Amino acid sequence: MRYGSTVAADGLDLTVERGTVTAILGPNGAGKTTTIETCEGYRSPQEGTVRVLGLDPVADARELRPRVGVMLQSGGAWSGVRPPEMLRHVASLHAHPLDPDALIERLGLDRSARTPFRRLSGGQQQRLGLAMAVVGRPELVFLDEPTAGLDPQARRATWDLVAELRDAGVTVVLTTHYMDEAEALSDVVHVVDAGRVIASGSPASLTAEGARNTVRFTASAGLDVADLMDALGHGTKVEEIEPGSYVVAGDVDPALVAGVTAWCARQGVLVQSVMVERQTLEDRFLDLTGRSLR
Amino acid sequence: MTHLDLSPRPGAASDGAMVRAQALMELRLLARNGEQLGITLVVPLLLLVAGTKAGSIVDLGEGRPIDILAPGVLALAVLSASFTSLAIATGFERRYGVLKRLGASPLPRWGLLAGKTLAVVVVEVVQVAVLAAVAFALGWQPDGGVSGWLWAAVLLVLGTTAFGSLGLLIAGSLRAEATLAVANLVYVLLLVGGGVLVPLERYPDGARAVLELLPSGALGQGLRDAFASGAPGLLPVLVLVVWSAVGATATARTFRWE
C-alpha cells in the first residue's frame, strides 16, 4: 500500500488461523492500520491479494460485512448519539445480534447511557467502538488499537472480552503498540515495522528465539568461574562482572539453575541470591528493530 | 457479570429492516438538532405568514400574494430539507467517521442512501402538510385542482432528487465546515434571488434566462404554474430532470466516504 511516495505496507505477508487471537504489533506509523483497513475492505491493495474468510474484502463486501466486526481507531458515531442508541442501531442491521443493553452494561457504559457521544471520555468511546464490532455476532473481528487510552479497569474489561471471544470461537485480529497486551492476549504476534513483517510467532517462541537469557547470582568474590563453566558444560559462559556478582549465559532451564546452586554447595559457598532473567517481547522487539515502542 | 453468548451467528438484517432502521435513526437525530429543524420548517413558515403582507414590500405580480407565495414556500421547504439539511448532516457524518463505520456494517451503500432519502421524504411530507394547512388558513386557493397536486408531487420528487444529489455532492467532497458554510450560503442566495419565492416574470430578462435554468427557479416556477393552471411548463420539468441526472452522476463519481 502506498500513499503518494510513502510505502505504508510493503510485501506484508501474513495469515491468520481461525479461532485464534492475532496481534499486529508495531510502533506508530509501522503500517498496522493500513494493513487492517485493507483487510476490512476500506482500501484495495495496489499489489498482491487479500482474502478474508476466503473472500475478497472489496469485491465480496456484501457477503463479508455481516460476518466481520470492525472497530475503528476512533470516531464512528454521530456526535449527538447516545451509546445505547448507537449500539441498538448497529444491532438492528444484523439478523441475530447480541442484546445491546447487556453489552452496554457489560462494558460499563450503562452509567453514560444518556451522554451524547461527543461528551464521552476517550475510553468510553473506545468501548462503544468495541461493542459495535461484536454486537452482530461476527466470525471475525478487527480491533484497531482497542485499548489505546484506556484506564486499567477498562483495559482489563476489554482483555476479558477478547479472551471470551476467542473461547466462543471468534477469530480476533488486533493492532497494538503495547507489548504486554500482545503477550497477554494473542496466540500469534506479527511484529511490523516500516510496512514489513519482521517477526512472527507465538509470544513465547518470539521471546525464546535467539534468547539471551541469563542467570545472575551473588556469592563470595573470587569463585573459580572456569571450573563452574566445566561443571555446567555445553557452551555455558560464566563471568564475574563485579566482585561477588556473577552472570551465567546459556540455555536457561531448571537444570542450569540447579547446576549453579549444586556447584556452589560443593564449594561450600552460600549463594545469596539467584535471579533468572528472561528476555521479554520488548527486548526482542528492540533487537529486531533497534527502535523503542511507546 | 452478564453472560453474553458471543459464539458466531452472523447475518444481515433484511434490506427493508436496515433501510427502516437507518431512516428512523436519521429522523431521531434530526429531531434532536433544533437548528436544523428550524431551517427546514420555521423559516418557510415565517416567510409564509410574513409574506402575505409582502405584496406591499415586494411586488409579486398579479394575483393574491398568498396564491403566489404558497407554492414558493413549498419549494423552499424542499430546498432546505433535501439540500441544506442533508448536506450538513452528511458532511458531519463523514467527518465523524459515521459513514466509514456504517460502510463496514451490513448496510449497503444504496441502503444508506435509501434510508437518507426516506428520512428526507418524511420531513418533506410533514413540511408540506404543515405549510399547506397554514397556507389554507391564510386563504390560499390553488386553481390547479387534482392535476395541480399530482404535478406538484412529481415536481417535489424531481426537486428532492436534484437538490439531494447536489447536497451530497458538496458533502462528499468538501470538509464538514466548508459544507456547512456553502450549504447555508446557497440556501440564502437561492431564497433571496433564486426564483424560489418571487415569480420569474418579476425578474429582469437577463436574470430570468439564468434563473429558469436553475433548479430553484424551475421548482418554484413549476409549482406556481401547477397550482395556478393544473400543469407546469415543459421547461421547469426538463431543467429538474437534467439537474437530477447531472447531480446524481457527479455525486456517484466523486463522493468520498471518509
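Residues numbered from 1 in each chain as written. Chains lettered and ligands numbered in written order. Predicted model: local features only at pLDDT ≥ 70, side-chain atom pairs only at ≥ 80, totals over all residues.

## A few points about the interface of chain B and chain A
Listed by partner, the interface residues are 30 residues for chain B and 38 residues for chain A. Looking at the side of chain B that touches chain A, the elements that each hand over two or more residues are helix 1 (15-32), helix 3 (65-95) and helix 4 (98-103) of chain B. (Contact = placed C-beta atoms within 7 Å. Helix = DSSP H or I, 4+ residues; strand = E, 2+ residues; numbered from the N terminus.)

## Overview of the nonpolar core
Counting 124 residues, the largest nonpolar core has Leu 87 and Ala 131 of chain A as its most contacted members. Counting residues per element, this core draws most heavily on helix 3 of chain B, at 18 residues. Not counting the four nearest positions on each side in its chain, Ala 131 of chain A is found in contact with Leu 87, Leu 103, Ile 104 and Leu 107 of chain A. Among the nonpolar cores identified, the runner-up in size contains eight residues, and Ala 219, Val 238, Val 248 and Val 260 of chain A belong to it. (Core = buried A, V, L, I, M, F, W, Y, C linked by C-beta atoms within 7 Å. Buried ≥ 20, exposed ≤ 12 C-beta atoms within 10 Å, placed from the backbone.)

## Brief notes about the domain arrangement of chain A
Split by domain assignment, chain A resolves into domain 1 (2-208) and domain 2 (214-278). Relative to domain 2 of chain A, the C-alpha centre of domain 1 of chain A lies at a distance of 46 Å. (Domains from an automatic or database assignment.)

## So, the confidence of the model for chain A
Residue and element names in this part refer to chain A. For chain A, the mean per-residue pLDDT works out to 86, and 90% of the residues sit at or above 70. Predicted confidence in chain A is weakest over strand 1 (residues 2-3), with a mean pLDDT of 46, and strongest over helix 3 (residues 83-92), with 97. Taken as a whole, residues 1-6 scores under 50 in pLDDT and shows 11 contacts with residues more than four places along the chain or in a different chain. (pLDDT = per-residue confidence, 0-100.)

## Overview of the pairing of strand 11 (residues 245-249) of chain A
All names here are of chain A. With burial as the criterion, only one face of strand 11 is covered, namely that bearing Tyr 246 and Val 248; the residues Ser 245, Val 247 and Ala 249 on the opposite face remain uncovered. Judged from the five bridges that link them, strand 9 (residues 214-218) and strand 11 form a sheet pairing that is antiparallel. Following the sheet pairing, Val 215 is matched in strand 11 by Val 248. By the bridge criterion, five bridges tie strand 10 (residues 237-242) to strand 11 in an arrangement that is antiparallel. Its bridge partner lying in strand 11, Lys 237 is registered against Ala 249. (Pairing = 2+ DSSP bridges.)

## Some points on helix 5 (residues 109-137) of chain B
Given 3.6 residues per helical turn, the α-helix brings residues three or four places apart onto the same face. Residue and element names in this part refer to chain B. Its 29 residues place the ends of helix 5 42 Å apart at the C-alpha level, agreeing with the 42 Å of an ideal helix rising 1.5 Å per residue. Within the span of helix 5, buried status applies to Gly 111, Leu 112, Gly 115, Lys 116, Ala 119, Val 120, Val 123, Glu 124, Gln 127, Leu 131 and Ala 135. Looking at the buried side of helix 5, the elements it contacts are helix 1, helix 2 (34-51), helix 3, helix 4 and helix 6 (145-171). Two residues or fewer after helix 5 comes Gly 139, characterised by a positive phi angle close to 100°. (Expected span 1.5 Å × (residues − 1).)

## A look at the packing of helix 3 of chain A against helix 5 (residues 122-134) of chain A
Residue and element names in this part refer to chain A. It is the contact of helix 3 with helix 5, at a shortest axis distance of 9 Å, that shows an interaxial angle of 20°. Considering their axes alone, helix 3 and helix 5 lie roughly parallel with respect to each other. Every pair of crossing elements has a handedness; the one defined by helix 3 and helix 5 is right-handed. Contacts from Pro 83, Met 86, Leu 87 and Val 90 of helix 3 reach helix 5 at Leu 128, Ala 131 and Met 132. Grouping the amino acids of the contact of helix 3 with helix 5 by side-chain chemistry returns seven nonpolar, no polar and no charged. (Axes fitted to C-alpha atoms, helices over the stretch in contact; angles between N-to-C directions. Parallel < 35°, antiparallel > 145°, perpendicular 65-115°, else oblique. Left-handed = near helix turned anticlockwise from the far one by under 90°. Nonpolar A, V, L, I, M, F, W, Y, C, P; charged D, E, K, R; others polar.)

## Some points on the sheet that holds strand 7 (residues 188-193) of chain A
Residues and elements named next belong to chain A. The six strands are arranged 4-5-6-3-7-8 in an open sheet whose pairing can be described as mixed. Pairing within the sheet leaves two strands with one partner each, and these edge strands are strand 4 (68-71) and strand 8 (196-201). Across the sheet, the mean angle separating the axes of adjacent strands is 15° when strand polarity is ignored. Examined bridge by bridge, strand 5 (residues 140-144) and strand 6 (residues 171-176) share five bridges and lie parallel to one another. Counterpart to Phe 142 in the pairing with strand 6 is Val 173. The sheet contacts of helix 5 involve strand 4 and strand 5, and relative to strand 4 the element is tilted by about 170°.

## A short note on the sheet that holds strand 9 of chain A
All names here are of chain A. Strand order in the open sheet formed by four strands is 10-11-9-12, with antiparallel pairing between adjacent strands. Only two strands of the sheet have a single neighbouring strand rather than two, namely strand 10 and strand 12 (273-277). Going from strand to strand, the sheet's axes swing by 20° on average, the running direction of each strand aside. One ladder, built from five bridges, connects strand 9 with strand 12; its direction is antiparallel. Residue Arg 216 lies in a different strand from strand 12, and its bridge partner there is Met 275.

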